[in-house]
Amino acid sequence: MSTYPGTCPLTQQQLVDTYFMEHRTKVLDLAAYLDRMERSIDRNAEADFRVVALRRALQELSSPEPGRVQRIQMLLSDPTLEPMLQRDQQNAFGAFGRRDQEVQE
Amino acid sequence: MKYIDIHAHMVSRTTDDYQQMALTGCVAVTEPAFWAGYDRTSAAAFADYFRHLTEFESQRAAKYGIDHYTWLCLNPKEGEDRALAHEVLNIIPQFLDHPTVLGIGEIGLNRVTRNELATFTDHVDLAMQHRQLIHIHTPHLEDKYKGTKVIVDTLAADSRIEPARVMVDHVEEHTIEMVLAQGFWAGITLYPMTKVSPGRAIDLIEIYGSERVCVASACDWGPSEPIAVPHFIFEMRRRGHPDRLIHKIVYENPVEFLSQSPKFHIRQEQADAVLY
Ligand SMILES: [Zn+2]
């Protein structure tokens, strides 16, 4: 995975000065969301496929390797290529695995 | 800066939105046929919708100095119903000669089912029979990679397809490369929740370049931003990009793609308007 060096015209210092604050907020939002899940009145979705995918994505965030966004996109994707026999519902879920989970249950 | 929004579902927006778009430099929109939020029950409902797109909507846009063009199809969210798809495919040709119809779209896949794929290829056949441009919707979220791959592979195997006459929309980090590599145009949708932020759209352009790339709001009846393209322009400037490059992406590129339809024209006063 190439790092595409030099493709962003801003210096790192400019990226920090301009964008640090909005990304600081995003990290705190994620942290608070995870805490909120633990404080929930009923911890009944610890293994929900979306929560599992989110935790895997968070691990990917701390990877030192560039290409984090592509890898997280693929973590959240259906990797198969075979069309479904019939539509299950109109909307996607945001992460892949619900059908696997149903089979296991 | 003047711009063209190549993907906006204006039937779902108010005239206030047209005003905002006009005030921020929009000179033209192209509106692909879309899902109403519920499945339509008959081909007659589609005929009414196509009349809305070709007649009423262009008049409404004109009041704000915006040229309105459209694309027709039965959208991927309704593609599962093969019987309805056949009926709608039969009525589309009677609208294709309308002066604001640029082609067939937004066709594609939603949950990536066999029926959706069959309805998609039926629309491709129709576009080929009538030599129409094609505008493609790729699925969202976990379905995007799979759906985009199936669409790209299907079109690449079809010798009738001229990739430069096809816009594959809603590309993201994991799909843009395969779309551009096959010679298609890539559309980046600026959508607050489910698609791409202006910041990530700019990342894609920095990495993959500005050839055969367009950005659009894809504003519809859901949470979306009709002036997403001006937000992109603002963010491009903040990211240190020159106006010449921004102008290429938000104006020259759409003109290049859309001008492949003989019906698409930029009026002289728009062409003469101050470049940036
Ligand atoms: Zn759309």
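Up top you'll find the structure we're talking about.
Residues numbered from 1 in each chain as written. Chains lettered and ligands numbered in written order. Predicted model: local features only at pLDDT ≥ 70, side-chain atom pairs only at ≥ 80, totals over all residues. Heavy atoms only, no water.

Visitor: Describe the overall build of chain A, naming the residues involved and giving the relevant values.
Guide: When helices and strands are counted, chain A shows 4 helices and 0 strands. Moving toward the C terminus, one meets the helices and strands of chain A in the order α-α-α-α. A compact globule built from 105 residues should have a C-alpha radius of gyration of about 13 Å, whereas chain A, at 18 Å, is more than 25% larger. Judged by the C-alpha coordinates and their principal axes, chain A covers about 50 × 40 × 25 Å. Here chain A holds 105 residues, and the buried ones make up 20% of them. When contacts within chain A are restricted to residue pairs at least 6 apart in sequence, those whose partners lie at least 24 apart make up 35%. For chain A, the accessible surface area stands at approximately 7700 Å², while carbon and sulfur atoms represent 55% of it. If you average the places of the 13 positive and of the 16 negative side-chain charges in chain A, the two averages end up 3 Å apart. (Helix = DSSP H or I, 4+ residues; strand = E, 2+ residues; numbered from the N terminus. Rg over C-alpha atoms; globule rule 2.2 N^0.38 Å. Buried < 20%, exposed > 50% of the residue type's maximum accessible area, 1.4 Å probe, protein only. Contact = heavy atoms within 4.5 Å. Areas by Shrake-Rupley, 256 points an atom, 1.4 Å probe, with all protein chains shown as cover. Lys, Arg positive; Asp, Glu negative; His and termini not counted. Charge placed at Lys NZ, Arg CZ, Asp CG, Glu CD.)

Visitor: How would you sum up the interface of chain B and chain A? Please name residues and give values.
Guide: Residue-level contacts link 31 residues of chain B with 34 residues of chain A. For the pair chain B and chain A, the two sides together bury roughly 2900 Å², of which 54% comes from carbon and sulfur. On the chain B side of the contact with chain A, Arg111, Glu142 and Lys146 of chain B bury the most area, a combined 26% of that side's loss. For the pair chain B and chain A, the interface holds 4 salt bridges. For the salt bridge of Asp88 of chain A with Arg111 of chain B, the shortest nitrogen-to-oxygen distance reads 2.8 Å. Taken together, the links from chain B to chain A amount to 19 residue pairs in polar contact (both at pLDDT 80 or more). Within the side of chain B that touches chain A, the residues separate by chemical class into 8 nonpolar, 6 polar and 17 charged. (Buried area = accessible area lost by both parts, 1.4 Å probe. Salt bridge = Lys/Arg side-chain N within 4 Å of Asp/Glu carboxyl O. Polar contact = N/O pair within 3.5 Å; in protein donor to acceptor, adjacent residues only side chain to side chain. Nonpolar A, V, L, I, M, F, W, Y, C, P; charged D, E, K, R; others polar.)

Visitor: Now, about helix α9 (residues 243-258) of chain B: what can you tell me, with residues and values included?
Guide: All names here are of chain B. Spanning 16 residues, α9 covers 22 Å between terminal C-alpha atoms, matching the ideal 22 Å at 1.5 Å per step. Remark: the principal bend of α9, roughly 40°, maps to Ile249. Within α9, the full set of buried residues consists of Ile246, His247, Lys248, Ile249, Val250, Tyr251, Asn253, Pro254, Val255, Phe257 and Leu258. (Expected span 1.5 Å × (residues − 1). Bend = angle between axes of the 7 residues up to and from the residue.)

Visitor: I'd love a proper account of the pattern of salt bridges, names of residues and values included.
Guide: Tallied over the entire structure, the rule returns 28 salt bridges over all chains. Between Glu46 of chain A and Arg43 of chain A there is a salt bridge; the shortest N-O distance is 2.7 Å. Looking at Glu46 of chain A, the relative accessible area reads 39%, which means it is partly exposed. In this structure, a network of salt bridges that share partners links the residues Asp88 of chain A together with Arg111, Glu142 and Asp143 of chain B.

Visitor: Let's hear about the sheet that holds strand β8 (residues 213-216) of chain B: which residues, and what values?
Guide: Residues and elements named next belong to chain B. A sheet is described by the order of its strands in space; here 8 strands give the open sequence β1-β2-β3-β4-β5-β6-β7-β8, paired in parallel fashion. Edge positions in the sheet fall to β1 (3-5) and β8, since each of these pairs with one other strand and no more. Shown here is a sheet whose adjacent strand axes are inclined to one another by a mean of 25°, direction ignored. Alignment of strand β7 (residues 185-189) against β8, held across 4 bridges, turns out to be parallel. Residue pairing across strands places Ile188 opposite Val215, the latter belonging to β8. Against the sheet, α9 contacts β1, β2 (26-32), β3 (67-72), β4 (101-108), β5 (133-137), β6 (166-169), β7 and β8, and its axis sits at roughly 115° relative to β8. (Pairing = 2+ DSSP bridges. Axes fitted to C-alpha atoms, helices over the stretch in contact; angles between N-to-C directions.)

Visitor: Can you tell me about the pairing of β5 of chain B, naming the residues and giving the values?
Guide: Residues and elements named next belong to chain B. By the criterion of burial, β5 is predominantly enclosed, with 5 of the 5 residues buried. The pairing of β4 with β5 spans 5 bridges and is parallel. Paired with Ile104 across the bridge in β5 is Ile134. Crossover handedness for the path β4 to helix α4 (residues 114-129) to β5: right-handed. (Right-handed = clockwise from strand over helix to strand, strands pointing away.)

Visitor: Now, about the environment of Thr119 of chain B: what can you tell me, with residues and values included?
Guide: Residues and elements named next belong to chain B. Mapped onto the elements, Thr119 comes out in helix α4. For the pair Thr119 and Ile227, spaced 108 residues apart in sequence, the C-alpha separation works out to 32 Å. With residues up to four places along the chain from it excluded, the contact list for Thr119 reads Leu74, Gly79, Arg82 and Ala85.

Visitor: Please give an account of helix α1 (residues 12-39) of chain A that cites residues and values.
Guide: Look at α1 of chain A: 37 Å from first C-alpha to last across 28 residues, which is about the 40 Å you get at 1.5 Å a residue. A bend of about 60° at Tyr19 of chain A is the largest found in α1 of chain A.

Visitor: Break down the state of the cysteines for me, citing the residues and quoting the values.
Guide: Scanning the entire structure with this criterion turns up 0 disulfides over all chains. No disulfide involves Cys219 of chain B; its sulfur sits 9.2 Å from the nearest other cysteine sulfur, which is in Cys26 of chain B. (Disulfide = S-S within 2.5 Å.)

Visitor: Just give me the short version of the packing of aromatic side chains, but keep the residues and values in it.
Guide: Residues and elements named next belong to chain B. If you walk through the whole model with that rule in mind, you get 11 aromatic pairs over all chains. With a centroid separation of 6.0 Å and an interplanar angle of 55°, the aromatic rings of Trp35 and Trp221 are classed as tilted. Residue Trp35 is found in the loop between β2 and α2 (43-62), and its partner Trp221 is found in the loop between β8 and α8 (228-238); the two are separated by 186 residues along the sequence. With a centroid separation of 5.5 Å and an interplanar angle of 75°, the aromatic rings of Phe50 and Phe95 are classed as edge-to-face. Of this pair, Phe50 sits in helix α2 while Phe95 sits in the loop between α3 (82-91) and β4, placing them 45 residues apart in sequence. For the pair shown, Phe50 and Phe95 are each scored as buried. We note Arg40 situated over the ring of Phe46; from NZ or CZ to the ring centre the distance is 4.9 Å. (Phe/Tyr/Trp six-rings, centres within 6.5 Å; stacked < 30°, edge-to-face > 60°. Lys NZ or Arg CZ within 6 Å of the ring centre and 35° of its normal.)

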